[in-house]
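The residues making up each chain are set out below.
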Amino acid sequence: MIEIKGLTKTYGVGNKTINALNGIDLRINSGMFGLLGPNGAGKTTFMRILAGIVNPSSGFVKINGFDLTTESGKHQIKSMLGYLPQELGMYTELTAIQFVDYMAILKGIDDSRKRNQRVHEVLEMVGLAKESNRKIKGFSGGMKRRVGIAQALVNNPKLLIVDEPTAGLDPEERIRFRNLLVNLATDRVVLLSTHIVEDIGQTCRDLAILAKGQILFRGSPTELTKAAENHVWTLTMQGMEKPNHDLTVVSMLHLAEGTQYRLVGSNAKDYANAQPAQPGLEDGYVWLMKQSNQMVEMI
Amino acid sequence: MKHFSLKYTLLTYRLDQLWFPIAFWMLFVIVILIINEPSQSTDMSLAYLGTAVPLIGGVMAAYAILDDPALELRFATPIRAAQIIIERTLMIFFIQAVCAFSFYIFAKSIDVDFSSIGTVLDLHLSWVIPTITLIALGTFGSIVGAQTMIGAFFVGIVWIIQIIIRDGMAINNWKYFYIFMGITNPEHPDLHANQIALLALSLIFFLCSWILLHRQERYI
Ligand SMILES: Nc1ncnc2c1ncn2[C@@H]1O[C@H](COP(=O)(O)OP(=O)(O)OP(=O)(O)O)[C@@H](O)[C@H]1O
Ligand SMILES: [Mg+2]
C-alpha cells in the first residue's frame with residue numbers, strides 16, 4: 001500500500017523554479033492504479049519519486065510501511081520494486097537473456113539456478129522466449145519494451161511502476177501488454193501512467209488525473225465517465241460555421257448535410273438542434289480538464 | 001546479496017573506449033622502437049608511464065559512471081552508490097594497470113634504464129599515484145558537474161597546467177599536489193609526503209563523489 005501526503009517537487013532551472021508536483025495526497029491500494037494526465041503534468045516526476053530516484057521537495061511517502069524520505073527506507077523500497085522508465089535505455093550489446101540476468105543480479109538474486117529459471121520465466125511471459133538469445137540492438141521498439149517489462153518483473157516486485165509503457169506500441173501489442181499488467185496486478189500494486197485514456201478505462205478500477213502537478217480527480221473509470229453526464233452533445237452545423245468557444249470539440253465528422261461535432265461543455269443552449277449524448281471516458285477527461293482551465297483549443 | 005557480476009561489468013563497459021589506451025600504448029612503443037636511443041627511450045617510457053597512463057585513466061573515469069545507457073534502471077535497483085563508484089573506477093584502474101605493466105615488460109625487454117627513478121617500487125608508484133589521483137578527479141568532476149565532459153575537462157586542465165609549470169609545482173607549497181613528482185623529481189625530499197597528500201586528496205574526491213551520487217535525479 002502507498003500513502004502519500006503533501007508531496008511537492010520543485011525543480012530549479014537556472015534562476016527559475018518549476019513546480020512539477022504541487023501537494024499530492026493519495027492512498028493507493030493493491031491492484032492496478034492508473035495515472036492519467038497531459039504532457040508535462042508531472043507523471044514521470046511522480047513515478048520517479050515513488051521509485052526512489054527523485055527526492056521530493058517536501059511531503060511524505062510510505063510504501064508498504066517504508067518511509068521513502070530516508071536512505072534506508074529507499075533501499076528497502078528499491079528491493080521490492082519493478083520499474084519501467086518512460087525513456088528506456090538498455091545495454092543493447094547484450095542479448096535479452098543477458099540483460100534480464102544482469103538486472104536480476106543488480107536486484108540481488110544471487111542463486112544462479114533460481115535466477116536462470118526466473119529469467120526464462122519472465123521472458124516467456126512477455127513472449128520473447130524465441131528471441132531471447134538475440135542481441136537487443138536488433139529488436140523493434142515493441143520488443144525492447146517487452147525486455148523492459150521482463151527486467152521489471154524479474155524480482156517478482158511487490159510494487160510495479162510502468163511509465164507510459166504503451167507509447168509506440170501497435171494495437172495488438174498494446175492489448176497484450178494491458179492484459180499482462182492486469183494479470184500481474186492480482187497480488188501487487190501496479191502503477192501505470194499514460195495519456196491514452198482507453199488504456200486506463202480497460203484496465204484500472206482506480207485512477208487519478210494529474211494536471212499541472214495537482215490531482216484533479218480520483219475515482220473509478222465509471223465515475224470519470226459520470227462526471228461528463230449532461231455535458232456532452234452532438235451538433236450538426238452547415239458551412240464554415242463553428243461551435244462557440246464554451247464548447248470543446250472532441251471529434252468531428254464531415255457529412256453530406258454539414259459537419260457533425262461531438263462537444264463537451266456546460267450547456268449548448270445557443271444551439272436549438274444540439275442533442276445530448278452519452279458520455280464516454282474521454283469525455284469525462286475532457287470535461288474535468290476543461291473545468292480546471294487546462295483545456296487548450298482543439299480546433 | 002552481492003548485486004555484482006564481473007562478467008556483466010565487463011560486457012556492459014563501452015568497449016569502443018578501449019581504443020584510447022591501446023592507441024597510446026602502441027604509439028609510445030612504436031616511437032621508442034623507431035628512435036632506438038637509450039636516453040630517449042628512458043624519457044619516452046617515463047612520459048608514458050608517469051603522464052600518459054594517468055591522463056587516460058582520468059579521462060576514462062570521467063565517462064565511466066554517467067556514460068551508462070541504463071543509468072535510470074540501475075538507479076531503481078537497490079545497489080549502493082559506493083558500489084557503482086568502486087566497480088567502475090576499479091575497472092578503469094585495472095585497464096591502466098594492464099597497459100602500464102605490459103609496457104614495463106616491453107621496456108625491460110629492450111633494456112630501458114629506469115635506475116634514475118629509484119627502486120622498482122618507486123617506478124611503479126610514479127604511475128600508480130598519479131593515475132589514482134586523476135581517476136578520482138575525473139570521477140569527481142563528472143559527478144559534481146553531472147556531465148561526463150566536465151570530468152574530462154578537469155582532468156585535461158590539471159594535467160596540462162601541471163606539465164607546463166612543473167618546475168614551479170615542485171618548489172612551493174604546491175609540491176604536495178604535484179602529480180608528476182615521482183618521475184620529474186624522484187629525489188625530492190618531500191616525495192613521500194606528496195604521495196600521501198595525493199592519496200588523501202583522491203580519497204576526498206571519492207568521498208564527495210559518493211555523497212553526490214546519492215542525489216540520483218541530477219544524473220538522469
Ligand atoms: N529534471 C528536470 N529538471 C527540470 N524540470 C523538470 C525535470 N523533469 C521534469 N521537469 C519539469 O517538470 C514538469 C513535469 O514533467 P514530467 O516529466 O514529470 O511530466 P509528464 O507528466 O511525465 O509528461 P509527459 O507526458 O510528457 O511524459 C515539466 O514542466 C517538466 O518540464
Ligand atoms: Mg512522462
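Residues numbered from 1 in each chain as written. Chains lettered and ligands numbered in written order. Predicted model: local features only at pLDDT ≥ 70, side-chain atom pairs only at ≥ 80, totals over all residues. Heavy atoms only, no water.

Caption draft 1: How the structure looks around the sheet that holds strand β13 (residues 258-264) of chain A. Residues and elements named next belong to chain A. Read from one edge of the open sheet, four strands run β12-β13-β11-β14, paired in antiparallel fashion. Strand pairing shows two members of the sheet lacking a second neighbour, β12 (248-255) and β14 (275-276), which therefore form its edges. Sheet topology note: the strand β11 (residues 232-237)/β13 ladder contains six bridges and is antiparallel. If you follow M237 over to β13, its bridge partner there is T259. Sheet strands touched by helix α9 (residues 281-291): β11, β12 and β13. Its angle to β13, the strand with the most contacts, is close to 65 degrees. (Pairing = 2+ DSSP bridges. Helix = DSSP H or I, 4+ residues; strand = E, 2+ residues; numbered from the N terminus. Contact = heavy atoms within 4.5 Å. Axes fitted to C-alpha atoms, helices over the stretch in contact; angles between N-to-C directions.)

Caption draft 2: Main features of empty space enclosed by the protein. Taken as a whole and judged by the stated rule, the model has three cavities of 30 Å³ or more. Considering only enclosed or pocket space, the largest cavity measures out at about 60 Å³ in volume. Together, Y91(A), T12(B), Y13(B), R14(B), Q17(B), Y63(B), A64(B), D67(B), D68(B), P69(B) and R88(B) line the largest cavity. Taken together, the residues that form the lining of the largest cavity break down as five nonpolar, two polar and four charged. (1 Å grid on protein atoms, 1.4 Å probe; cavity = no way out; pocket = protein on both sides within 12 Å on 5 of 7 lines; lining within 4 Å. Points joined across faces, edges and corners; volume = space filled by probe spheres on them. Nonpolar A, V, L, I, M, F, W, Y, C, P; charged D, E, K, R; others polar.)

Caption draft 3: Looking closely at the side chain of E87(B). The topology assignment puts E87(B) in helix α5 (residues 81-109). This buried residue, E87(B), is left without a salt bridge; R74(B) holds the nearest opposite charge, at 4.3 Å. Reaching out from E87(B), the side chain makes a polar contact with the side chain of T9(B) at a distance of 3.0 Å. Excluding anything up to four places from it in sequence, E87(B) contacts Y102(A), F4(B), T9(B) and R74(B). (Buried < 20%, exposed > 50% of the residue type's maximum accessible area, 1.4 Å probe, protein only. Lys, Arg positive; Asp, Glu negative; His and termini not counted. Salt bridge = Lys/Arg side-chain N within 4 Å of Asp/Glu carboxyl O. Polar contact = N/O pair within 3.5 Å; in protein donor to acceptor, adjacent residues only side chain to side chain.)

Caption draft 4: Spatial organisation of the packing of aromatic side chains. Residue and element names in this part refer to chain B. Throughout the structure, instances matching the rule amount to 13 aromatic pairs over all chains. Seen from their ring centres, F20 and F24 are 5.5 Å apart, and the 90 degrees between their planes marks the pair as edge-to-face. On the criterion of helical spacing, the pair formed by F20 and F24 is a turn pair, its members being four residues apart in helix α2 (residues 19-35). By relative accessible area, F20 is classed as buried at 17%. On the basis of an interplanar angle of 20 degrees and a centroid distance of 6.1 Å, the ring pair of F93 and W127 is categorised as stacked. Of this pair, F93 sits in helix α5 while W127 sits in helix α6 (residues 120-145), and the two are 34 residues apart along the sequence. (Phe/Tyr/Trp six-rings, centres within 6.5 Å; stacked < 30°, edge-to-face > 60°.)

Caption draft 5: The arrangement of the sheet that holds strand β4 (residues 58-63) of chain A in detail. Residue and element names in this part refer to chain A. Read from one edge to the other, the open sheet built from four strands follows the order β2-β1-β4-β5, with strand pairing classed as antiparallel. Pairing within the sheet leaves two strands with one partner each, and these edge strands are β2 (16-28) and β5 (66-67). Sheet topology places strand β1 (residues 2-13) next to β2; ten bridges connect them, and they run antiparallel. Among the inter-strand pairings, L7 is bridged to a residue of β2, identified as I24.

Caption draft 6: Up close: helix α10 (residues 191-213) of chain B. An ideal rise of 1.5 Å per residue puts 33 Å on 23 residues; α10(B) measures up with 33 Å between its terminal C-alpha atoms. Where α10(B) is buried, its residues contact α4 (71-75), α5, α6 and α9 (181-184) of chain B. (Expected span 1.5 Å × (residues − 1).)

Caption draft 7: Looking closely at the pairing of strand β3 (residues 31-36) of chain A. All names here are of chain A. Most of β3 is tucked away, with six of its six residues classed as buried. Both β3 and strand β8 (residues 189-194) contribute to a ladder of six bridges, which runs parallel. Opposite M32, over in β8, you have V190 as the bridge partner. Bridging between β3 and strand β9 (residues 206-211) involves four bridges; their strand directions are parallel. Directly across from L36, in β9, lies its bridge partner I209.

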